[in-house]
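# Examining the three-dimensional arrangement
Spelled out, the chains give:
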Amino acid sequence: MKKLLLLISAVMVAVTLSAGDSLQDKGVFSDWKFAPLQLGLGVKNWRNLVDNQTDTVFSLVLCSMSQKSAVISLCAVGGVLNNYGISIAGINGSKENYGIKIGLINDKDFFKYVQILGINIVDTVQIGLINDMGTVQIGLLNGRGCVQIGLWNYCPGSYIPYFPLINFDMGKKE
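Residues numbered from 1 in each chain as written. Predicted model: local features only at pLDDT ≥ 70, side-chain atom pairs only at ≥ 80, totals over all residues. Heavy atoms only, no water.

## Points about the overall build of the chain
A count of helical and extended segments in the chain gives 1 helix and 11 strands. The linear arrangement of helices and strands in the chain, starting from the amino end, is α-β-β-β-β-β-β-β-β-β-β-β. Sorting the 174 residues of the chain into buried and exposed places 37% on the buried side. For the chain, the share of sequence-separated contacts (at least 6 apart) that also reach a separation of at least 24 residues comes to 7%. Summed over all atoms, the accessible surface of the chain reaches about 9,600 Å², with 73% contributed by carbon and sulfur. (Helix = DSSP H or I, 4+ residues; strand = E, 2+ residues; numbered from the N terminus. Buried < 20%, exposed > 50% of the residue type's maximum accessible area, 1.4 Å probe, protein only. Contact = heavy atoms within 4.5 Å. Areas by Shrake-Rupley, 256 points an atom, 1.4 Å probe, with all protein chains shown as cover.)

Next comes the structure, spelled out in structure tokens:
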């Protein structure tokens, strides 16, 4: 039984690693709507075993995670389109976060919202060293948030935009 599992695993890895450019954004198991496990072995979307339209429960990817949604995702660099549970990555690029993102850098929409070294909860609460564009921010440096607790805070909607320790949006127009 162990030899059979080892053989199947080796074939899956070999097929994934040998995928060519003609399989752009397609995996070995493409056109699936759901797969319990997403594996990504390379740095391109076409190195994954399923395509970017697949919902999954657990994903393990080295780089450029491309599945549609996940409950648990572990990745060195990348992110799922929709995180419904917990996403842990060095650089975490989940587009929509309905759970918890933990990363050295958490970003949304190509660094429109950025957080350095921290935890992002439901795209509302940012707890990190540097936070930007979050509703509630707790960190050393916070920028453009509604409620901020940190060493230095910048809130353009406040009557005193730059203020240490605590700052909050008072609805002041820029």
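## A few points about the packing of aromatic side chains
Scanning the model with the defined rule gives 3 aromatic pairs in all. A network of ring pairs unites the aromatic residues Trp152, Tyr154 and Tyr162 as a single cluster. (Phe/Tyr/Trp six-rings, centres within 6.5 Å; stacked < 30°, edge-to-face > 60°.)

## A look at the confidence of the model for the chain
A residue-level look at the chain finds 74% of positions with pLDDT of 70 or above and a mean pLDDT of 80. Of all helices and strands in the chain, the one with the weakest mean pLDDT is helix H1 (residues 2-17) (60), whereas strand S10 (residues 147-154) scores best (96). (pLDDT = per-residue confidence, 0-100.)

## Remarks on unusual backbone geometry
At Val122, a position not held by glycine, the phi torsion is positive, near 50°. Structurally, Val122 can be placed in the loop between strand S7 (113-121) and strand S8 (125-132). Overall, the relative accessible area of 39% leaves Val122 in the partly exposed class. A positive phi angle, close to 50°, is found at Asp123, a residue other than glycine. Counting through the fold element by element, Asp123 comes out in the loop between S7 and S8.

## Side note on the environment of Phe58
Within the secondary structure, Phe58 is located in strand S2 (residues 55-63). Counting along the chain gives 29 residues from Phe58 to Ser87, while the straight-line C-alpha distance between them is 9.9 Å. Ignoring sequence-local partners within four residues, the contact set of Phe58 consists of Pro36, Leu37, Gln38, Ile72 and Leu74.

## Re the pairing of S8
Where S7 and S8 come together, 7 bridges link them in antiparallel fashion. Paired with Ile119 across the two strands is Ile127, which belongs to S8. The turn joining S7 and S8, which pair antiparallel and follow one another in sequence, is formed by 3 residues; a positive phi near 50° is taken by Val122. (Pairing = 2+ DSSP bridges.)

## Brief notes about the environment of Pro36
Mapped onto the secondary structure, Pro36 falls in strand S1 (residues 34-40). Judged by relative accessible area, which is 53%, Pro36 ranks as exposed. Distance in space between the C-alpha atoms of Pro36 and Thr56 is 5.0 Å, their sequence separation being 20 residues. For Pro36, the residues in contact, after removing those within four places along its chain, are Thr56, Val57 and Phe58.

## A word on the pairing of strand S4 (residues 82-92)
Remember that side chains alternate between the two faces of the sheet whenever the strand is regular. Both strand S3 (residues 69-78) and S4 contribute to a ladder of 8 bridges, which runs parallel. Within S4, the position partnered with Ile72 by the bridge is Ile86. Here S4 runs beside strand S5 (residues 96-97); their pairing, made up of 2 bridges, is parallel. Opposite Asn83, over in S5, you have Asn97 as the bridge partner. Sheet topology places S4 next to strand S6 (residues 100-108); 6 bridges connect them, and they run parallel. Among the inter-strand pairings, Ile88 is bridged to a residue of S6, identified as Ile102.

## Considering the side chain of Ser158
Examined against the element boundaries, Ser158 turns out to sit in the loop between S10 and strand S11 (162-168). A residue is classified by how much of its surface remains accessible, and Ser158, at 1% relative accessible area, is buried. Those residues in contact with Ser158 that lie beyond four places of it in its chain are Asn167, Phe168, Met170 and Lys172.

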